[in-house]
Amino acid sequence: ARPAVTPVAVVLPAGGSGERLGGATPKQFCAVQGRPLVSYTVQAMERISWISDIIVVVSPEKIETMKSIIEKYGHKRVTIVKGGITRHRSIFNGLKVFTEDEFSNHLLRKPEVVIIHDAVRPFVEEDILSKVVVAAKEHGAAGAIRPLVSTVIASAADGCLDHSLERAKYRASEMPQAFLFDIIYEAYQQCTDYDLDYGTECLHLALKYCKTNAKLVEGTADLWKVTYKRDLYAAESIIKDNLSQQVCVITDVKEAAAQVGFLLQESLKSQTKIEAISVSLSKNNSHLQNVISGQCYNFVCVNDKKRAIQETQQVVDMLEKSNIPLLYPVVLISVHLDISENISFSIGMEELTRIKKFAREAKNENILVYGLLIQYK
């Protein structure tokens, strides 16, 4: 659901060193299935139409790296900002692009609500983002929470157990968090150096300096962040599973093909993430290109033209020219509708040979082409 708020911006602090991960590459820039983790998080935000600006805050030495990621994966609405030496200083710099010329080539339109989210939490969904934004508009601040997995204990000076907290009374603070922009910006302006250097919780700053009690919103299990090396393997598994559940149905604009595409979408939408697009492939279609660059790996191409293979060839060409890393084969099912009155139909040997040759060539590019011929009334 689109929150009744415009505009909404996102600040993604991505300047951490990733010490707990181990290795020289910060976790937000580690490749997961051939693509930097931060790119997945940016993609999750740019898919949401009501988010106007995405601010990515990175350390000075990673600015060029981030620029190349944006260019390679075609990210839109992104502004890169130089981070500070701590998380809070980086977030503050991210907010300043709306108020101070020093931090941006031109001031961006100040949002009513700003979302703060970790660059290493790539699996955030639109639903939880919408909930925290709506709650922030009403309460001034809001944040996602999750039940504690482990009991929190305190140790005494001798290293023995002193006391433990009753787990049912406490929650883990997660991301995303959302704030009325004026509240969180004022809080950061009033921060002490100690807060900026040692604090971690944005909701606490809003409470401490602006007397704003945040609304806590129950989050889902996919809000976890990549912290340790083992988390990268878990992220890889989730991304693979997500890709296998996404299907794009491409139909011609003609009535019969578009109708079949609609029926297919209706029958599959409860089982998978499916998107139907009616396009004329003879024209440069930016919507379809965005779907492909968004790493979709499963396509159904429906048409009723005599030379259906030409339409399929155009989709294959777009896939080959795209920048998506081929993690595993792309599946492309070409559905040809025969809407003629003649019930008996056949494909000539010459046409069949050409189709098989085309499929073999596509397979060399890691694209598996399948054909389906349907008599349609």
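What you see is a predicted model; the values in this text were computed from it and never measured.

Parameters at a glance
- Residues numbered from 1 in each chain as written.
- Predicted model: local features only at pLDDT ≥ 70, side-chain atom pairs only at ≥ 80, totals over all residues.
- Heavy atoms only, no water.
- Helix = DSSP H or I, 4+ residues; strand = E, 2+ residues; numbered from the N terminus.
- Buried < 20%, exposed > 50% of the residue type's maximum accessible area, 1.4 Å probe, protein only.
- Contact = heavy atoms within 4.5 Å.
- Areas by Shrake-Rupley, 256 points an atom, 1.4 Å probe, with all protein chains shown as cover.
- Pairing = 2+ DSSP bridges.
- Right-handed = clockwise from strand over helix to strand, strands pointing away.
- Axes fitted to C-alpha atoms, helices over the stretch in contact; angles between N-to-C directions.
- Parallel < 35°, antiparallel > 145°, perpendicular 65-115°, else oblique.
- Nonpolar A, V, L, I, M, F, W, Y, C, P; charged D, E, K, R; others polar.
- pLDDT = per-residue confidence, 0-100.
- Phe/Tyr/Trp six-rings, centres within 6.5 Å; stacked < 30°, edge-to-face > 60°.
- Lys NZ or Arg CZ within 6 Å of the ring centre and 35° of its normal.

*Asks:* Would you explain the overall build of the protein in this entry?
*Replies:* Secondary structure assignment for the protein yields 12 helices and 16 strands. Here the protein holds 377 residues, and the buried ones make up 47% of them. In the protein, the share of contacts with a sequence separation of at least 24, taken over all contacts with a separation of at least 6, comes to 76%. For the protein, the accessible surface area stands at approximately 19,400 Å², while carbon and sulfur atoms represent 51% of it.

*Asks:* Would you take a moment to explain the pairing of strand E5 (residues 78-82) for this structure?
*Replies:* Looking down a regular strand, the side chains alternate between one sheet face and the other. The pairing of strand E4 (residues 51-58) with E5 spans 5 bridges and is classified as parallel. Directly across from Val-58, in E5, lies its bridge partner Lys-82. For the segment spanning E4, helix H2 (residues 63-73) and E5, crossover handedness is right-handed.

*Asks:* Where do I start with the sheet that holds strand E6 (residues 113-116) in this structure?
*Replies:* Strand pairing in a sheet relies on backbone hydrogen bonds, with the paired strands running either antiparallel or parallel. Read across the open sheet, the 7 strands follow the order E5-E4-E1-E6-E10-E7-E11; overall the sheet is mixed. Strands at the two margins of the open sheet, each flanked by one partner only, are E5 and strand E11 (215-218). Averaged over all neighbouring strand pairs, the angle between strand axes comes to 25°, with direction disregarded. Examined bridge by bridge, strand E1 (residues 8-13) and E4 share 6 bridges and lie parallel to one another. Note on E4: the bridge partner recorded for Val-8 is Ile-51. Of the strands in this sheet, E6 and strand E10 (171-180) are in contact with helix H5 (residues 181-190), which crosses E10 at around 110°.

*Asks:* For this particular structure, what's the right way to read the packing of H5 against helix H7 (residues 202-210)?
*Replies:* In helix packing, the relevant descriptors are the interaxial angle and the interaxial distance, both defined with respect to the helix axes. For the pair H5 and H7, the least separation of the axes is 9 Å and the interaxial angle reads 80°. One element, H5, and the other, H7, form an angle in the roughly perpendicular class. Packed against H5, whose contacting residues are Ile-183, Ile-184, Glu-186, Ala-187, Tyr-188 and Gln-190, the element H7 presents Cys-202, Leu-205, Ala-206, Tyr-209 and Cys-210 at the interface. When its residues are assigned to classes, the contact of H5 with H7 shows 9 nonpolar, 1 polar and 1 charged.

*Asks:* What is the right way to look at the confidence of the model for the protein in this model?
*Replies:* Detailed reading of the predicted coordinates is not advisable wherever pLDDT falls low. Mean pLDDT over the protein: 84, with 87% of residues reaching 70 or higher. No element of the protein has a lower mean pLDDT than helix H10 (residues 286-293), at 72, and none a higher one than E6, at 98.

*Asks:* For this particular structure, what's the right way to read the packing of aromatic side chains?
*Replies:* Aromatic rings considered in pairs are described by the distance between their centres and by the relative angle of their planes. Within this structure, the stated rule accounts for 5 aromatic pairs. Arranged with centres 4.9 Å apart and planes meeting at 40°, the rings of Tyr-194 and Tyr-198 form a pair that is tilted. Pair noted here: Tyr-194 and Tyr-198 are both in helix H6 (residues 193-198), with a separation of 4 residues, about one helical turn. We note Arg-35 situated over the ring of Tyr-40; from NZ or CZ to the ring centre the distance is 5.5 Å. Sitting above the plane of the Phe-29 ring, Lys-62 keeps its charged end 5.4 Å from the centroid.

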